[in-house]
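Overview (structure and organization)
Listed below are the residues making up each chain.
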Amino acid sequence: MMRVLVTGKHGQVDTALQGLGDQLGLEIIRIGRPEVDLAQTDTMEDAVRAARPDVIISSAAYTAVDKAEAEPELAQAINGEAPGELARLAKELNIPILHLSTDYVFAGDKDGAYEETDLPAPVSVYGKTKLSGEEQIAAQTDNHVILRTAWVFSPYGNNFVKTMLRLAESRDEVNVVADQHGCPTYAPDMARVILAMAQQVAIDDDPTLRGIFHLTGQGETTWAQFAEAIFEGSANRGGKWVQVNPIATTDYPTPAKRPANSRLSGEKLDQTYGLVLDPWRISLDSCLDRLITQGNLVKDG
Ligand SMILES: NC(=O)c1ccc[n+]([C@@H]2O[C@H](COP(=O)([O-])OP(=O)(O)OC[C@H]3O[C@@H](n4cnc5c(N)ncnc54)[C@H](OP(=O)(O)O)[C@@H]3O)[C@@H](O)[C@H]2O)c1
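Everything numeric in this text was worked out from a predicted model, so none of it was measured. (Residues numbered from 1 in each chain as written. Predicted model: local features only at pLDDT ≥ 70, side-chain atom pairs only at ≥ 80, totals over all residues. Heavy atoms only, no water.)

Describing the site of the ligand
In the vicinity of the ligand there are 27 residues, among which Arg33, Asp37, Thr63, Tyr126 and Lys130 approach most closely. Contact distances for the ligand include 2.9 Å between an oxygen atom and a backbone N or O atom of Val152. Here the ligand, which alone exposes 900 Å², has 84% of that area covered by the protein. Elements represented by at least two residues in the shell around the ligand include exactly helix 1 (12–24), strand 4 (97–102) and helix 4 (125–140). Residues belonging to the shell around the ligand are distributed by class as follows: 12 nonpolar, nine polar and six charged. (Near = heavy atom within 4 Å. Polar contact = N/O pair within 3.5 Å; in protein donor to acceptor, adjacent residues only side chain to side chain. Areas by Shrake-Rupley, 256 points an atom, 1.4 Å probe, with all protein chains shown as cover. Helix = DSSP H or I, 4+ residues; strand = E, 2+ residues; numbered from the N terminus. Nonpolar A, V, L, I, M, F, W, Y, C, P; charged D, E, K, R; others polar.)

Describing the side chain of Thr129
The residue Thr129 is located in helix 4 in this model. The buried category is assigned to Thr129, whose relative accessible area is 4%. Reaching out from Thr129, the side chain makes a polar contact with the backbone oxygen of Tyr126 at a distance of 2.8 Å. Apart from the residues within four sequence positions on either side, Thr129 is in contact with Pro72, Ala75, Gln76, Asn79 and Gly80. (Buried < 20%, exposed > 50% of the residue type's maximum accessible area, 1.4 Å probe, protein only. Contact = heavy atoms within 4.5 Å.)

What about the sheet that holds strand 4?
Strand order in this open sheet of six strands is 2-1-3-4-5-10, and the pairing throughout is parallel. Two strands bound the open sheet, and with one partner strand each, they are strand 2 (27–31) and strand 10 (211–214). If you compare each strand with its neighbour and ignore which way they point, the axes differ by 20° on average. Against the sheet, helix 6 (residues 187–203) touches strand 1 (3–7), strand 2, strand 3 (55–58), strand 4, strand 5 (144–149) and strand 10, its axis set at about 145° to strand 4. (Pairing = 2+ DSSP bridges. Axes fitted to C-alpha atoms, helices over the stretch in contact; angles between N-to-C directions.)

Side note on the UniProt feature "domain: RmlD-like substrate binding" (unreviewed entry) in the chain
Residues annotated by UniProt as "domain: RmlD-like substrate binding" (unreviewed entry) correspond here to residues 2–291. Annotated as 41% helix and 17% strand, the span residues 2–291 places its first and last C-alpha atoms 31 Å apart. (UniProt positions renumbered as here; feature names shortened; annotations may be inferred.)

Side note on the pattern of salt bridges
The full count for this structure, using the stated rule, is 16 salt bridges. The partner of Arg88 in a salt bridge is Glu85, and the shortest N-O contact between them spans 2.9 Å. With a gap of three residues between them, Arg88 and Glu85 both fall in helix 3 (residues 72–93), about one helical turn apart. A salt bridge links Lys110 to Asp118; the nearest nitrogen and oxygen atoms lie 2.7 Å apart. Given the relative accessible area of 26%, Lys110 is considered partly exposed. Connected through shared salt-bridge partners, Glu45, Arg49, Glu85, Arg88 and Glu92 make up one network. (Salt bridge = Lys/Arg side-chain N within 4 Å of Asp/Glu carboxyl O.)

Side note on the packing of helix 3 against helix 4
The relative placement of two packed helices is expressed as an angle between their axes plus a distance between the axes. Where helix 3 meets helix 4, the closest approach of the two axes is 8 Å, and the angle between their N-to-C directions is 15°. Judged by the inter-axis angle, helix 3 sits roughly parallel to helix 4. With respect to the hand of their crossing, helix 3 and helix 4 are arranged in right-handed fashion. In this structure, helix 3 contributes Pro72, Ala75, Gln76, Asn79, Gly80, Glu81, Pro83, Gly84, Ala87, Arg88 and Lys91 to the contact, and helix 4 contributes Val125, Tyr126, Thr129, Lys130, Ser132, Gly133, Gln136, Ile137 and Gln140. Considering only residue class, the contact of helix 3 with helix 4 consists of seven nonpolar, nine polar and four charged. (Parallel < 35°, antiparallel > 145°, perpendicular 65-115°, else oblique. Left-handed = near helix turned anticlockwise from the far one by under 90°.)

As structure tokens, then:
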């Protein structure tokens, strides 16, 4: 049975990896707080070695994009240094590491979807620290896969879908930014692709399977259109419909700047691995089924 070490114990992607890994009969070992704090890299080595992993999936991160502007050192320790240390350990153990990164490594001024060969130019502390993580991993080991994803949603943790459904409990209309474009990505669907990639790189040392890959749901949208789809899906399931008022980014100032264009091309992933994620609207239906039809919004917290 393949042993998969995953960082993060309460996040969207690590929870999805645990769920699918259990179904597939993989041994998923999650490490995270309180025992292992990625801000203190010396807490990692014993836990990683004790897990005796065949592959490492580095998912945990400092993901509070706005808060990172005020805590750049902490964000750098968790998003920059910790992945480097994990990669060093992966190299010592002679195993591959798959690492989650972000669309926020890009400036967002490209016309069209970003490809893996496009030059990163992050415009936020979060984006800069995530780029540093990519670089530190690549500096430690060639046996790595960097997976840039975006706009992650799921029944778990905090995300845009859950925020919209919660807002619906107290509002009849919401203002949502309509000039940022991206690809919503469903964590359980990511887990399917990530675990398939992990199983392949664990047995195949082909260098073309390594390097940077973009990993997002098929299709694109804006936050405002995404919100409309969420409320339509909610109404179709007997939940509340809420009016969405499209607004400009400039009308919703935040501490961190966001890329206007976050779209990532999945072509390299498809051509190299033959793997694609589902269209985001199909995945949204699955997510809403779990949150509304099965009544998990309250239960999941
Ligand atoms: N969410 C998105 O829209 C998005 C977009 C692009 C890329 N990504 C990337 O995808 C990956 C997974 O994202 P996600 O949505 O699953 O994140 P998430 O739901 O915010 O979960 C983050 C996880 O990291 C853990 N963590 C944070 N700081 C830690 C520390 N100092 N020590 C140990 N664990 C720590 C958290 O644990 P606690 O519960 O203890 O805080 C949590 O388990 C991340 O690498 C992220 O950068 C996400």
